[in-house]
Amino acid sequence: MQRRVAAIYLVFFVVMGASAYSVIAVAQQPTIDLDGEELAVGDSMTVEGQTYTVSNISETSSGGEGSATTLAGQLSETNESFQYSAELANGTALSPTNSSWTGKEGAFSATIEDGDPIRFNGSEQTANITDGTFALEDDAGNQTTTFSVGDTLPYENTTATVTGIGNTSATLVWGDNYEVVIPNGTSVDEFQAVQRFNVTERLQNDPEVENQVYSGEDGQFVRYRNGTTQPLDEYLPEPASTTFDEGDTLTFRAGEDLSAPANETTIANITSERVRLEWTGPRTTKTELTEGANVTLGGRLHTVHFPNPSTVVITPDVGSYQNQVARQDYFEERVNGLWGVSILSGLGAVMVVALAYLPTRG
């Protein structure tokens, strides 16, 4: 009788466990289906007149076999007429590489063509410029040095800066710095850019004078090789000066990266402390995309969803996404409950069989 009852319970538990498992086997997790176009890398979408481009989609793993993967992406937005600004304090140096204007004196440039001879480190060498690379070669054709944009090299008895490297030519720039000079006063509407000489370089390039400045009771002076002297301010030429008013323009490069283009810049405002420059140009901003994250595009809130590792959907229907995620969570809860029923039923069946075969007292 004991084993007959055990068999009934065994069948019950087996049926319960099998039923729960069969439901798990056929159950399908609800998918997230949002209104919106699936965008791959390079695809664009427009919101309120602003264009956004998917610039990257990546998949990362937490590591190990069977590990979870995470999808992320990046959205790029380019404003073609973004207004930039920069401020120049009194005494700021305007170098030949970051500024130019009509009539500027003491600024020079040269173009080096592929194959041109250049004297470097005391020997005659040849420029090798090919597809954006700039190198010098000796007579045997061996490469002796290479240059990148921003590097300097001796040229024409001065130090020149490489400001551009093309397919077959390179551009060099050199010259005197200018100093921003703002006049004293409470109502200022102009400033001057005053030339400042490289005295050491001028002395080295003048064979008639010694290569240093001397100081005496009457100030600084230079000494000629014939023994005569001359005050430094008389030896140097009259510095050039350009006056700028509000509304005037000049070409200006705000950053130190010489590969970035210089911009046509307007003098927007002048005070006794600083000069404000303004210009317009393209500006690209990037927005990070992660699953379920909210991003603001064109002033509207959007939700991000990755249906697969190569595409992303960005939708303004934030509520729909949250509802569908809630449905998935509900599904997982029910599946976990069915797994619990299946496991407990299996354990119950094992226990019933074990108890049925316990020895009985005679």
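Rules behind the numbers
Residues numbered from 1 in each chain as written. Predicted model: local features only at pLDDT ≥ 70, side-chain atom pairs only at ≥ 80, totals over all residues. Heavy atoms only, no water. Core = buried A, V, L, I, M, F, W, Y, C linked by side-chain atoms within 4.5 Å. Buried < 20%, exposed > 50% of the residue type's maximum accessible area, 1.4 Å probe, protein only. Helix = DSSP H or I, 4+ residues; strand = E, 2+ residues; numbered from the N terminus. Phe/Tyr/Trp six-rings, centres within 6.5 Å; stacked < 30°, edge-to-face > 60°. Lys NZ or Arg CZ within 6 Å of the ring centre and 35° of its normal. Pairing = 2+ DSSP bridges. Axes fitted to C-alpha atoms, helices over the stretch in contact; angles between N-to-C directions. Polar contact = N/O pair within 3.5 Å; in protein donor to acceptor, adjacent residues only side chain to side chain. 1 Å grid on protein atoms, 1.4 Å probe; cavity = no way out; pocket = protein on both sides within 12 Å on 5 of 7 lines; lining within 4 Å. Points joined across faces, edges and corners; volume = space filled by probe spheres on them. Nonpolar A, V, L, I, M, F, W, Y, C, P; charged D, E, K, R; others polar. Contact = heavy atoms within 4.5 Å. Salt bridge = Lys/Arg side-chain N within 4 Å of Asp/Glu carboxyl O.

Participant: Even after reading the chapter, I still don't get the nonpolar core, so can you show me in this structure?
Facilitator: Nonpolar side chains tend to gather and get buried jointly when the protein is soluble and globular. Of all hydrophobic cores here, the largest spans 19 residues; its most connected members are Leu94, Phe191, Ile267, Val275 and Leu277. Every element with two or more residues in this core is listed here: β4 (69-89), β15 (177-181), β16 (190-196), β21 (249-252), β22 (263-270) and β23 (274-290). By residue number, the principal contributor to this core is β23, which donates three residues. In terms of nonpolar packing, the next biggest core, distinct from the first, is built from 16 residues, Ile112, Phe134, Phe147 and Val162 among them.

Participant: Teacher, can you tell me more about the packing of aromatic side chains here?
Facilitator: Within a pair of aromatic rings, the relevant descriptors are the distance that separates the centres and the angle that separates the planes. Tallied over the full model, the rule gives twelve aromatic pairs. On the numbers, 5.7 Å between centres and 20° between planes, the contact of Tyr214 with Phe221 is stacked. The exposure class of Phe221 is buried, given its relative accessible area of 18%. A network of ring pairs unites the aromatic residues Phe82, Tyr84, Phe252 and Trp279 as a single cluster. The ring of Trp101 is capped by Lys104, whose NZ or CZ atom sits 4.6 Å from the centre of that ring.

Participant: Teacher, can you tell me more about the sheet that holds strand β18 (residues 219-223) here?
Facilitator: Sheet strands associate in pairs through backbone hydrogen bonding, adopting either a parallel or an antiparallel arrangement. The strand order across the open sheet built from three strands is β17-β18-β19, with neighbouring strands paired in antiparallel fashion. A single partner strand is all that each edge strand has here, and the edge strands are β17 (214-216) and β19 (229-231). Between one strand axis and the next, the sheet turns by 40° as a mean value, whatever way the strands run. Pairing analysis gives three bridges linking β18 to β19, with the strands arranged antiparallel. Paired with Arg223 across the bridge in β19 is Thr229.

Participant: Could you clarify how one ought to interpret the sheet that holds strand β11 (residues 143-147) in this entry?
Facilitator: If you trace the four strands from one edge of the open sheet to the other, you get β8-β9-β10-β11, paired in antiparallel fashion. Taken across any chain shown, the strands that pair with only one partner, and hence form the sheet edges, are β8 (117-120) and β11. Mean inter-strand twist for the sheet, computed between neighbouring axes without regard to direction, equals 35°.

Participant: When you look at the environment of Glu179 in this model, what are you seeing that I'm missing?
Facilitator: Position of Glu179 relative to the elements: it lies in strand β15. Judged by its relative accessible area of 24%, Glu179 falls in the partly exposed class. Between the C-alpha atoms of Glu179 and Leu94, which are 85 residues apart in sequence, the distance is 6.0 Å. A polar contact is formed between the side chain of Glu179 and the side chain of Arg196, at a distance of 2.6 Å.

Participant: Looking at this model, I keep getting lost on the layout of surface pockets. Mind explaining?
Facilitator: The method is simple in principle: a probe with the dimensions of a water molecule rolls over the atoms, and the space it marks as empty is what remains. Estimates place the volume of the largest pocket at around 450 Å³. In this structure, the largest pocket is lined by 20 residues; those nearest its centre are Thr158, Trp174, Gly175, Asp176 and Glu201. When residues of the lining of the largest pocket are traced back to their parent elements, those giving at least two are β13 (158-165), β14 (169-175), β16 and α2 (199-204). Across the lining of the largest pocket, the residue classes tally to four nonpolar, twelve polar and four charged. Its volume calculated, the second largest pocket comes out at about 150 Å³. Lining the second largest pocket, in full, are Tyr84, Arg253, Ala254, Gly255, Asp257, Ala260, Pro261, Asn263, Trp279, Gly281 and Pro282. A total of three residues in the lining of the second largest pocket trace back to one element, the largest contributor, which is β23.

Participant: Is there a simple way to think about the environment of Ala93 in this case?
Facilitator: Relative to the assigned elements, Ala93 resides in strand β5 (residues 93-94). Residue Ala93 is classed as partly exposed on the basis of its relative accessible area of 46%. The sequence separation of Ala93 and Val181 amounts to 88 residues, and the corresponding C-alpha distance is 9.7 Å. Those residues in contact with Ala93 that lie beyond four places of it in its chain are Asn98 and Tyr178.

Participant: Just to check I follow, could you spell out the environment of Gly175 for this structure?
Facilitator: By secondary structure assignment, the location of Gly175 is in strand β14. Residues Gly175 and Ala160, spaced 15 residues apart in sequence, show a C-alpha to C-alpha distance of 8.0 Å. Contacts of Gly175, omitting those with residues within four sequence positions, involve Pro96, Gly106, Ala107 and Phe108.

Participant: What exactly am I supposed to notice about the pattern of salt bridges here?
Facilitator: All chains considered together, the criterion is met by five salt bridges. Between Glu87 and Arg274 there is a salt bridge, and its shortest N-O distance comes to 3.4 Å. Taken together, the residues Glu87 in strand β4 and Arg274 in strand β23 connect sequence positions 187 residues apart. Across the pair Arg276 and Glu278 runs a salt bridge, and its minimum N-O distance is 3.0 Å. Judged by its relative accessible area of 21%, Glu278 falls in the partly exposed class.

These values are about where atoms sit, not about what they do.
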